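In case you want the letters, here they are:
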Amino acid sequence: MDMCAAEATASLLQVEETFSACLARIDALILKPLLQAEPSDQKGKENFKLFLLLNDLFQALWNLTEENYRILKQKCSTSESFCIQDIYTVWKGDLFLSLYIRYFVTFANYVVVHGFEHATKSKSEAWKDHKAVLKQFLTDFTSETSMSLALYTVLHKPIRDHIEQYIVLLTKLHEVLKEGSEKTVVSSAIKEYVKLQSFISQVLDEACFTKSLWKSLGYKFTDMLCVPERRLLEDSKNLPISASTNRSDRILLFDDVLVLIQGNSFQSFDLKLVWVDENCREKSAPGMYGLRIITPEETFFLFAKDPQMKAVWQWKLNQAVRQALNGKRDFPLWGKTGEGTEPPSCRFFTYVFRLEGKFKNASYEGEWHWGKPHGKGTLKWRDGRNHVGDFKEGLEHGFGICLVPRQSEDRYDCYKCHWYEGKMRGYGICEYGNDMVYKGYFKDNVRQGFGILEKFSAEHPFKYTGQWENDKKNGYGVWEDKDRGERYIGTWLDDHKHGQGIVVTQSGVCYQRTFHADKMVGSGILLLEDDSVYEGNFTEDLTFVGKGKLSFANGFILEGTFTNKSGQGLQMHGTLNTSNEQLDDRITKAQLGLEEFPVEKRWKGIYDQFLEFIHSGCKEETEESFTGFHIQTSKELRKSQEYLFCQRGTEDVSWKIEDILEDLVQHQGLKSLQTYLEKALKSSLHPLGKLLKALAIAFQATYSGIGANRHLLTMAQEEVKYYAKKIWEFYQGLLHLALEQKGQLPAKCMDGDTSDQKACNVVLPLILPCFYPELFMLYMLYHEREDDLYCQGIMDLSLFPDIKLLEFLDVQKHLWPLKDLTLTTNQRQSLIKDKCFLSATECLQKLITTVDPREKLVILQKTYEEIESTVSRVVDKDYKLPMDDLLPLLMYVVSRAKIQHLGAEIHLIRDLMEPTNRGGLYDFLLTALESCYEHIRRIRLHQRENCHVTHSS
């Protein structure tokens, strides 16, 4: 710094010395006496606390001035060159500015509450003794006769003058500095001190403006509204504006609240939750210009007589709201009219609702948009209810968790659900306080559609899987009573079994009856574990009563009237028909529920949700709510919502709706489509995968465990086929929507396949693994007797060595693969086992390693090819096996493969194979395998009959 700069610095040193001496006199003659005059009244005590704070800030300001003076003096007394860092008012300008701002804000607070007026009325002896000296001191600063006004002046005017001196000296310093970083720093400091001047002026003006208001208002308003930090920004008496008709006499805009006064009452609105809309459509008197004021529970209008006045009020309101949201005033307080950004329309705040409505007395903490809860938030009521989740335009909308206390219990019902316009809608999980859990769909706050209700407690545990309507079990559903070991499959009405129903018991008994309000009515059919069938009336404990017919598995029929008198047991009056002495499959394998429960009417609740999703245009926000049964726990459900619009999970495929619709268009070719559907159906995030998961849950609820009963096989089989048909239909619906959005038309089917054929050919093999365990169990039970005979026949045939078995099965000797019978020491060829046709046997054993009927047929074809290959090797030429040669050879391979449930396998393949394979090679081979199976059964059956005849003799 040059000589001129040094002179400016010396001037600053002198100014600081003078100012420090002035502060010392103020401290000694004013502050210390006032600090000794602590008042005794409540109001005085509150003001005194404020004065103590003002004194602390005064002392801090004095200390900072002394520090600046000390450094400047030290520099002036040495030969060291000056730099900007030596001038505290510049180098540590932020510290100076912060302290000055805090001092004048606190000073203004003291002014607002009439602090100086109260202080000068102090009755303490110390104050009285000092008054004369004080008056003489104050005349140096002001000619005012009012002691309070003199105090007001002396505690701010010297400081304001000192800031003015800072600006003058820094301006001189700026003029002599050369261009560079130091000059830039000084320039910035000058600008900040100029802003400080403006800020102080505005702070004091607002304080006096506010103080005048409190004087003009009555004590009732003052006591309730007057707080030291509150400032009046505008008054409708000064800048005329009126509220809606008969709303208020006076409007006051403070820095934290908007107040409407009418008569002896007032309303206040927290500015953090006030929105100002200039686009007012409210009809008003001609020549009036309106603003719409929006608050959480009320909306009203302000009207000005001219657009300029409306613009000023709008600007002041918006700036006040913005500063309230920021938690601090601007620096300076106000810029020019028109400056300053608009307050955000989206905010985060806590509010307690007061007026009548669903949220009355509830506290909401969260995001707001134009006066309404919007976004993430939490609602809490005084009675213990609370809701955490998404809101839209003032209502619960999206995912939310709601806790509802149970009456007279220290427990809660916890709803983790999707909401739509304030009501539960879509998929959700409710954990009730009585140990029950519901997983399923809601609509208008009640259970509606498909859902599962389960009770886990030790007392009367149960599980219901089925349709709901108006919060009650209605329509088709499955009820499992875990205490009784029973499962009811049938229709419901208002929480009661009503209509046709099937009951399956743990012991294997199965019956079909008509129910009315949980009671059995009319006659029914009862299928007993010993394969006998009773048709007629029976009680809940399965006792025959009244007219009935009992058909035994051996073909005997007992028909008449049954009675059950106490102590006499079951009695019967009727006839016994023994003319038909053979097993009747129509009796032992009777199938239930086919006519009573048409497959298209089962599980409508699942299909309806998917249809609704497609009809909505597959909106992404409804994706999670349309089906959520891929979620196993409520914790997973909550987690899935947090990433609702993101790719989540470990899958490497994005299943966002727009990607799904795009991919559908790209994968219309058969091979490409099969690959796509395979991935989609395995995914828990793809809509088709979610649908399959829900269907699998319904299927397991019906046919697993207790429901594994052979009399339900056809129901289960047609249900799986129908699942494939519906999934194909829904795929078509998604594809049509995707094409429609691209302005394209669906391609015509060129291969001539019907929708049912497509479902069977494309979808059924893909979904079968989800249902295979339960379905194959039903096949095994259905064919249990035949498979037992077959297995016994296999056991008998397994005792034969290879040559003996080939001979027994009438395989022509020139086809025997004797070269494969490798002998070891002391081994006879006639005793070797399991060596012939080994490759074909191992191939056929793979039949049980897959669930896909297509793959099973391919394995059967490969088995045939292995047999033919072995024979060709034996005869040393290509050999096409005629049927007469194939059957014995295939029977040999079947007997050596020892497939345990071959009858169940054959019938599953036959029932679920593609229609296009009927009549072709696969059909031929399957028929051949079936003939082998029947022949092995007959071998055992004849042995049993011969054994029976021998014993009879």
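For the structure, see preceding data.
Residues numbered from 1 in each chain as written. Predicted model: local features only at pLDDT ≥ 70, side-chain atom pairs only at ≥ 80, totals over all residues. Heavy atoms only, no water.

Asker: Pulling in residues and values, what's your account of the packing of helix H16 (residues 657-666) against helix H19 (residues 713-741)?
Answerer: Relative orientation of the contacting elements H16 and H19 amounts to 95°, with a least axis distance of 9 Å. When the interaxial angle is binned, H16 and H19 end up roughly perpendicular. Residues Leu-661, Leu-664 and Val-665 of H16 touch H19, and the partners they reach there are Tyr-731, Leu-734, Leu-735, Leu-737, Ala-738, Leu-739 and Gln-741. In the contact of H16 with H19, the residues fall into nine nonpolar, one polar and no charged. (Axes fitted to C-alpha atoms, helices over the stretch in contact; angles between N-to-C directions. Helix = DSSP H or I, 4+ residues; strand = E, 2+ residues; numbered from the N terminus. Parallel < 35°, antiparallel > 145°, perpendicular 65-115°, else oblique. Contact = heavy atoms within 4.5 Å. Nonpolar A, V, L, I, M, F, W, Y, C, P; charged D, E, K, R; others polar.)

Asker: An account of the sheet that holds strand E4 (residues 257-262) is requested, with residue identities and associated values reported.
Answerer: Pairing is antiparallel across the open sheet formed by four strands, whose spatial order is E1-E3-E4-E5. Pairing within the sheet leaves two strands with one partner each, and these edge strands are strand E1 (232-235) and strand E5 (265-270). Going across the sheet, the axis of each strand differs from the next one's by a mean of 20°, ignoring polarity. With three bridges connecting them, E1 and strand E3 (residues 250-254) associate as antiparallel partners. Of the residues in E3, the one forming a bridge with Glu-234 is Leu-253. Where helix H9 (residues 181-216) meets the sheet, its contacts fall on E1 and E3, and the angle it forms with E1 comes to roughly 60°. Contacts from helix H11 (residues 307-326) reach E1, E3 and E4 within the one sheet, and its direction differs from that of E3 by about 40°. (Pairing = 2+ DSSP bridges.)

Asker: Pulling in residues and values, what's your account of the pairing of strand E19 (residues 472-481)?
Answerer: For E19, a buried count of eight out of ten residues is recorded, marking the element as mostly surrounded by other parts of the structure. Of the strand pairs in this sheet, strand E18 (residues 462-469) and E19 are connected by seven bridges, and their pairing is antiparallel. Each bridged residue has a counterpart across the sheet, and for Tyr-464 the counterpart in E19 is Trp-479. Hairpin connection of E18 to E19: two residues between the antiparallel strands, including Asn-470 at a positive phi of 55°. Here E19 runs beside strand E20 (residues 486-493); their pairing, made up of seven bridges, is antiparallel. Bridge pairing links Gly-475 to Trp-492 in E20. Linking E19 to E20, which pair antiparallel, is a turn of four residues; within it Gly-485 sits at a positive phi near 70°. (Buried < 20%, exposed > 50% of the residue type's maximum accessible area, 1.4 Å probe, protein only.)

Asker: Kindly report on helix H4 (residues 93-112), identifying the contributing residues and their values.
Answerer: Owing to its 3.6 residues per turn, the α-helix aligns residues three or four sequence positions apart on the same side. End to end, H4 covers 28 Å across 20 residues, agreeing with the expected 28 Å (1.5 Å per residue, within 8%). For H4, the tally of buried residues reaches 14 of 20 residues, placing the bulk of the element in the interior. Just downstream of H4, His-114 is the residue with a positive phi angle, here 60°. (Expected span 1.5 Å × (residues − 1).)

Asker: Tell me about unusual backbone geometry, residues and numbers included.
Answerer: Its identity is not glycine, yet Asp-518 carries a phi of approximately 75°, on the positive side. Inspection of the secondary structure assignment puts Asp-518 in the loop between strand E22 (510-516) and strand E23 (519-527).

Asker: I'd love a proper account of the pattern of salt bridges, names of residues and values included.
Answerer: Enumeration according to the criterion identifies 43 salt bridges in this entry. The salt bridge partner of Lys-360 is Glu-356, with a shortest N-O separation of 2.6 Å. Across the salt bridge formed by Arg-854 and Asp-852, the nearest N and O atoms sit 3.4 Å from each other. Judged by its relative accessible area of 27%, Arg-854 falls in the partly exposed class. A relative accessible area of 7% places Asp-852 in the buried class. In the salt-bridge network here, residues are joined through shared partners; they are Glu-206, Asp-255 and Arg-329. (Salt bridge = Lys/Arg side-chain N within 4 Å of Asp/Glu carboxyl O.)

Asker: So what's going on with the pairing of strand E14 (residues 412-420)? Residues and values would help.
Answerer: Counting buried positions along E14 yields seven of nine residues, so the element is predominantly enclosed. A loop of six residues connects strand E13 (residues 395-405) with E14, the two strands running antiparallel in sequence, and Ser-408 in this loop sits at a positive phi of about 60°. Strand direction decides the pairing type here: E14 and strand E15 (residues 423-431), joined by six bridges, are antiparallel. The partner of Cys-417 across the bridge, within E15, is Gly-428. Where E14 folds back on E15, the antiparallel hairpin that results is connected by two residues, among which Glu-421 adopts a positive phi of roughly 50°.

Asker: Please provide a residue-by-residue account of the packing of helix H18 (residues 687-703) against H19, values included.
Answerer: One way to put it is that H18 packs onto H19 with a least axis distance of 11 Å and a crossing angle of 165°. Of the possible angle classes, the one that applies to H18 and H19 is roughly antiparallel. In terms of crossing hand, the pair formed by H18 and H19 is right-handed. Every residue of H19 that contacts H18 at Leu-688, Leu-691, Leu-692, Leu-695, Phe-699 and Tyr-703 is listed here: Met-715, Ala-716, Glu-719, Val-720, Tyr-723, Ile-727, Phe-730, Tyr-731 and Leu-734. Residue composition of the contact of H18 with H19, grouped by class: 14 nonpolar, no polar and one charged. (Left-handed = near helix turned anticlockwise from the far one by under 90°.)

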